[in-house]
Amino acid sequence: MTTTSQKSPSVVEVSVSGAPRRGMASRLLSRLGSGALQTVLVLVALFWMVPVIGLLLVSLRSEADNTNSGWWTVLLKPAELTLDNYRGLVDNDVLVRSFLNTVYISVPSTLLVVGIGALAAYALVWMDFPGRDWIMVGVVGLLVLPIQAALIPISQLYGALGIFGSILGAILFHVAFGLPFAVFLLRNFFVNIPRDLLEAARMDGAGEWRIFRRVVLPVARPALASLAVFQFLWVWNDMLVALVFTSPDSAPLTVALRSQLRQFGTNIDVLASGAFLSMLVPLLVFFAFQRSFVQGVFAGSGK
Amino acid sequence: MAEIVIDRLGKVYPDGTRAVDDLSLDIQDGEFLVLVGPSGCGKTTALRMIAGLEEISEGTVRIGDQVVNGVPARDRDVAMVFQSYALYPHLNVFENIAFGLRLRKLPKDQIDRRVREVAHVLELQEHLTRKPGNLSGGQRQRVAMGRAIVREPRAFLMDEPLSNLDAKLRVQMRAQIARIQRDLGVTTVYVTHDQTEAMTLGDRVAVMKRGVLQQVGPPQELYDHPCNLFVAGFVGSPGMNLICVELVEDDGRFRVRVGEQYLDLPDGLLHRRPALRGYAGAKVVLGIRPEDMEDAEIVGSTEGATLTSVADLVEAMGSDVLVHFPLDAAPVVTEDTRELARDTGADETLPATDDGVVLVGRFSPRTHVFEGQTISVAVDTARLQFFDPATGTAIHDS
């Protein structure tokens, strides 16, 4: 109902004309106030972004320039900017392969966690079976299990299964450790979906699978999107799991970049451009999904 | 379209709570049956068992020729309108209405045609592309109706579909529901706690209390011949005045004593309620509908059919005037009246003052009664109701 009134221009007009008139001075003050606030916010944001901007500029300068002067000098000498480092990156077989490895690990890990998590959460909320609450307790318990405690036993298991050092091994590990949080988050979201909505679909002729796919999943989109972004960022940025479970052939970008460090010299040209590239993808993912973080998805389903 | 036969239906929850007890109802093909009762009386549970959303503990539900106890909700071919409407928030009006048809994999053009037909009936054509979030309460309610109608089901089940609308819209939608049901002729079970809705909509009304069916019949029959104190008090607004009086036999003439005043019982009444004679000299519960009382100034007073009191409160409604006045009689307190009081949130059915129990009379707007005035109230004694104070059941024959 609020939405309707917001959309109707006549209502807005009425409220504007009905508002008490304020003096010019107070209006000027409030303008100034909001202007000052905005300036401060922009400054804080810029300050926060200094390292990122620095990294970007470093990646856009030649290695020699970087050794001779700080990255900020480029602001006065834009001629120093060059895409050479990125060209070098594309020619670097190790980094290209590791970039693809990162994608091969992150994408399935994210999809599997969201998919399995949603199915599990649906069952835990909407289906009646013995031991349901105990399973939920178990899931919450798994949330506090530190990854480090599992590294050695899982390595042994992978060794026995013959998947040690493979991409599959890394994916399985990420899925296993992503699921408790996924189930926890999605269950808490699903619990708030009105039961009537599912029953309406049931009366309309839908079975469990269709209710899940055509009602619950679309309604839960904000939760699914946030979970996907979280999980993707976590896997994309992970280094520990990759370091333990992948081989040079299956190593993702984080591990490969580290291997590019030279004993003498920084190799800054490769590292800066590689790091910036590895940062860019999660940012793109975030902006792609942010539209889904809209609140009030249930608006209008009920009264 | 189909008849619905409910036979000895019962619902017991795992914790032992009994929500519905031995409910039997025969709902004819095309009939509009209203289940009514105070909150927690089991009416919604009964409806949900017909829908298949609640497991049946005892008894059977038959829709058409098919006993549906073991049939899942989606295969029962009945449509339900929920109290909360339960519209799919991510779909627009068209998709909401079409949802059930799409699940049945109907051809696209047929879906399109049927949805537009229904939208036309419900005046939703202009809103087909809007999401539920951008609709008003009344429009959402109509979309919920549309979703049920479009499927052309064997029966409609409606769970308090109007309770979230404001009073004026509710009256409008009530008429629309009645019209649609009449035009489509689909068997309908309608649950409400609002007795006005029940009376205006139902071909028959079934009154429930604490999971038990009290009485079922056409609205007027329930109003004129309530089978017990609960139905008497529940049906009608303002409710029936119920007071404890003594039945006196005097030379073969029967009278009720209300404090120091007497009302003579006409022969016709005794003829219709022969069992009343057996209560001579005993306490009975007397029920008087507000409209069976009138200002004696207007209709003239008759000996033995007039009560005198002092107007305590006068409410002018425009079409009539509600006059509250105390009578020197004992209030009725039984399990039924307590249940009614719980429903309205009051302690007793009739408020008692120092002067006795307060009754409500519905006077003609021509009355000039004012608060504090001594009034003569003419009572239509032929329409008096009597109940057994011990059992609460109506005193009829034998």
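Rules of the game
- Residues numbered from 1 in each chain as written.
- Chains lettered and ligands numbered in written order.
- Predicted model: local features only at pLDDT ≥ 70, side-chain atom pairs only at ≥ 80, totals over all residues.
- Heavy atoms only, no water.
- Helix = DSSP H or I, 4+ residues; strand = E, 2+ residues; numbered from the N terminus.
- Buried < 20%, exposed > 50% of the residue type's maximum accessible area, 1.4 Å probe, protein only.
- Contact = heavy atoms within 4.5 Å.
- Areas by Shrake-Rupley, 256 points an atom, 1.4 Å probe, with all protein chains shown as cover.
- Lys, Arg positive; Asp, Glu negative; His and termini not counted.
- Charge placed at Lys NZ, Arg CZ, Asp CG, Glu CD.
- Phe/Tyr/Trp six-rings, centres within 6.5 Å; stacked < 30°, edge-to-face > 60°.
- Axes fitted to C-alpha atoms, helices over the stretch in contact; angles between N-to-C directions.
- Parallel < 35°, antiparallel > 145°, perpendicular 65-115°, else oblique.
- Left-handed = near helix turned anticlockwise from the far one by under 90°.
- Nonpolar A, V, L, I, M, F, W, Y, C, P; charged D, E, K, R; others polar.

Student: How would you explain the overall build of chain B if you had to name every residue and give the values?
Tutor: Broken down by element type, chain B carries eleven helices and 23 strands. The proportion of buried residues among the 398 residues of chain B is 56%. Expressed as a percentage of contacts within chain B between residues at least 6 apart in sequence, the contacts between residues at least 24 apart total 72%. Carbon together with sulfur atoms contributes 46% to the accessible area of chain B, which is approximately 16,800 Å² in total. On chain B, the mean spot of the 43 positive side-chain charges and the mean spot of the 59 negative ones are 10 Å from each other.

Student: Break down the packing of aromatic side chains for me, with residues and values.
Tutor: Counted by the stated rule, this structure contains 14 aromatic pairs over all chains. Ring geometry for Phe181(A) versus Phe230(A): centroids 6.3 Å apart, planes at 75°, classification edge-to-face. Of this pair, Phe181(A) sits in helix H9 (residues 167-190) while Phe230(A) sits in helix H12 (residues 221-237), and the two are 49 residues apart along the sequence. Judged by relative accessible area, Phe181(A) falls into the partly exposed class, the value being 34%. Relative to Tyr190(B), the ring of Phe32(B) has its centre 5.7 Å away and its plane inclined at 40°; by these criteria the two rings are tilted. Residue Phe32(B) is found in strand S3 (residues 32-36), and its partner Tyr190(B) is found in strand S8 (residues 187-192); the two are separated by 158 residues along the sequence. Judged on exposure class, the residue Phe32(B) and its partner Tyr190(B) are both buried. Among the aromatic residues, ring-to-ring pairing joins Tyr158(A), Phe164(A), Phe173(A), Phe177(A) and Phe245(A) into one connected group.

Student: Requested: an account of the packing of helix H8 (residues 147-161) of chain A against H9(A), with residues and values cited.
Tutor: Residues and elements named next belong to chain A. Relative to each other, H8 and H9 sit at 140°, their axes nearing to 12 Å. One finds that H8 runs oblique with respect to H9. Considering how the two elements wind past one another, H8 and H9 form a crossing that is right-handed. Of the residues in H9, those in contact with Ile147, Ala150, Leu151, Ile154 and Tyr158 of H8 are Gly169, Leu172, Phe173 and Phe177. Classifying every residue of the contact of H8 with H9 gives eight nonpolar, one polar and no charged.

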